[in-house]
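# Notes for the structure review
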Amino acid sequence: MIESYMNRKLCKRFAEEMRKKSLDALKMICSFLIVCIHMPPKIIGGGGYWIALCRIGVPIFLMISGYFYNQESAVKRIRKIAILFVEANLIYCAWSYFYGFVSGKLPVTSIDTLIRFIFLNESPFSGHLWYLGAVLYTQIVIYLLEKWKLKRALYMTVPILLLTDIVFGKYSILLFGREFDYHFVRNWLFVGIPFFSIGMLMNEKNLRIGWWGIPVFTLTTMLERFLLVRNGLNAARDQYISTIFLSISVMSFALKYKGNIHNWLAQIGKRLSAWIYIIHPIFVTCLTFIASKIGMQKVWGYVGAVFVFTISVVFVYIFAEMKRRIIPHNLKRQVEDIN
């Protein structure tokens, strides 16, 4: 009886480790998809359909964070995210002034930019850093709601928040005949909280979509884009309706996946994905500039995304190794990447 109990416990632990490894590998894949969004490859259709599919990257990152959320360790995780948030904004503050000095276009700050930064997570130094602010605010809000025993109310808001994002985002031209500033929906409230909460539900309630969801919602995402573009209704916002379900489908597949996963895929996702996300736009700018100067714009359009991702991985890995060797052993665990 004791032996049977121990075997079940070992099997459960092994399954948890496999799920963790699978999700780490998925984080690596999503970091590449996000690089593709910022460095669109030249493929059939101008890359528009591919970019539409790549939009699952950020929702999946948020769902993975939600999946591993734990109230007991929430304060520690919030502190780690806050440090990462400050570091990233300081780096891009320096970069924006350096690039502005070189290009002759220094960044301009105003009360409006500060308000967007504080309330809507829109960094005045680089647009992609909204995600870090959204993750930080989301975890603070969810920590407080759990502490106040309001988790059920939180879950009830998920459909409303997602629908608000769709209505005032991608479908705003169709429904209102105009586009709204996407900052008002691409933030902690309408993106961070709902997708993070879905990740929590996938852990707590075993929420899943079958493998069939991937081909089905891939096709419906492409169909949505086709119809909106053809009718001049494709508003400048990240996600389609199908993006939500495609993200859940891919996450579900990763949680059920029992095949072999190369350790290097999981390690890149676990250790490097956060900083790949943070640093890659600098490489996009620098390498695109170099490619234009040496007359390789055409080739760069095809290989740029892969090249930027590879350079980002190598750079972040070297930086992480240097940091690991410099920082004392008892502080090493504090500099691990966020799930």
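Structure: see above.
Structure report, in brief. (Residues numbered from 1 in each chain as written. Predicted model: local features only at pLDDT ≥ 70, side-chain atom pairs only at ≥ 80, totals over all residues. Heavy atoms only, no water.)

### Re the side chain of H183
As for its position among the elements, H183 is in the loop between helix 8 (172-176) and helix 9 (188-204). What makes H183 buried here is its relative accessible area of 11%. At a separation of 2.5 Å, a polar atom in the side chain of H183 contacts the side chain of R116. For H183, the side chain forms a polar contact with the side chain of E122, separated by 3.4 Å. (Helix = DSSP H or I, 4+ residues; strand = E, 2+ residues; numbered from the N terminus. Buried < 20%, exposed > 50% of the residue type's maximum accessible area, 1.4 Å probe, protein only. Polar contact = N/O pair within 3.5 Å; in protein donor to acceptor, adjacent residues only side chain to side chain.)

### Here we look at the packing of aromatic side chains
This model, assessed by the stated rule, comprises 19 aromatic pairs. Their ring planes at 20° and their centres at 5.8 Å tell us that F85 and F117 sit as a pair that is stacked. With a gap of 32 residues between them, F85 in helix 4 (residues 74-103) and F117 in helix 5 (residues 111-120) connect regions that are remote in the sequence. In this structure, F85 and F117 share a single accessibility class: buried. With a centroid separation of 6.2 Å and 55° between ring planes, the pair formed by W275 and F319 is classed as tilted. Of this pair, W275 sits in helix 12 (residues 263-293) while F319 sits in helix 13 (residues 297-326); the two residues are 44 residues apart in sequence, bridging distant segments of the chain. Residue class for F319 comes out partly exposed when judged on its relative accessible area of 39%. Members of the aromatic cluster, each reached through a chain of ring pairs, are F61, W130, Y131 and Y277. A cation over an aromatic ring shows up here: R225 above the ring of Y49, its NZ or CZ 4.8 Å from the ring centre. (Phe/Tyr/Trp six-rings, centres within 6.5 Å; stacked < 30°, edge-to-face > 60°. Lys NZ or Arg CZ within 6 Å of the ring centre and 35° of its normal.)

### Concerning the packing of helix 12 against helix 13
With their axes 6 Å apart at the nearest point, helix 12 and helix 13 run at an angle of 135° to one another. In terms of orientation, helix 12 and helix 13 fall into the oblique class. Read as a crossing pair, helix 12 and helix 13 show a hand that is right-handed. (Axes fitted to C-alpha atoms, helices over the stretch in contact; angles between N-to-C directions. Parallel < 35°, antiparallel > 145°, perpendicular 65-115°, else oblique. Left-handed = near helix turned anticlockwise from the far one by under 90°.)

### Digging into the pattern of salt bridges
Scanning all chains against the criterion turns up ten salt bridges. For the salt bridge of R55 with D238, the shortest nitrogen-to-oxygen distance reads 3.3 Å. Taken as a pair, R55 in the loop between helix 2 (48-54) and helix 3 (57-67) and D238 in the loop between helix 10 (213-230) and helix 11 (241-256) lie far apart in primary sequence, 183 residues in all. Across the pair E204 and K151 runs a salt bridge whose closest N-O atoms are separated by 2.9 Å. Taken together, the residues span a long stretch of sequence, with E204 in helix 9 and K151 in helix 7 (residues 151-168) at a distance of 53 residues. (Salt bridge = Lys/Arg side-chain N within 4 Å of Asp/Glu carboxyl O.)

### A word on the environment of L207
Among the secondary structure elements, L207 is positioned in the loop between helix 9 and helix 10. Using a relative accessible area of 35% as the deciding quantity, one classes L207 as partly exposed. Sequence separation between L207 and I160 is 47 residues; the distance between their C-alpha atoms is 18 Å. Setting aside residues no more than four positions away along its own chain, L207 makes contact with I198, L201, M202 and S252. (Contact = heavy atoms within 4.5 Å.)

### Brief notes about a nonpolar patch on the surface
Taken together, the side chains of F289, I290, I294, M296, V299, Y302 and V303 present a nonpolar region at the surface, about 680 Å² in accessible area. Sorting elements by how many residues they give to the nonpolar patch places helix 13 first, with three residues. With respect to the helices and strands, F289 occurs in helix 12. (Patch = residues over 30% accessible without salt bridge, like charges linked within 9 Å, V, L, I, M, F, W, Y side chains within 5 Å. Areas by Shrake-Rupley, 256 points an atom, 1.4 Å probe, with all protein chains shown as cover.)

### Some thoughts on the nonpolar core
Within soluble globular proteins, side chains that are nonpolar generally end up buried alongside one another. Core analysis: the largest hydrophobic core is formed by 96 residues, its most contacted members being L26, Y131 and M251. Take this core: its biggest share by element is 14 residues, from helix 12. Apart from the residues lying within four places of it in its own chain, the contact partners of M251 are L23, L26, M63, I64, Y67 and M202. (Core = buried A, V, L, I, M, F, W, Y, C linked by side-chain atoms within 4.5 Å.)

Everything listed here is a matter of coordinates, which is why it stays silent on function.
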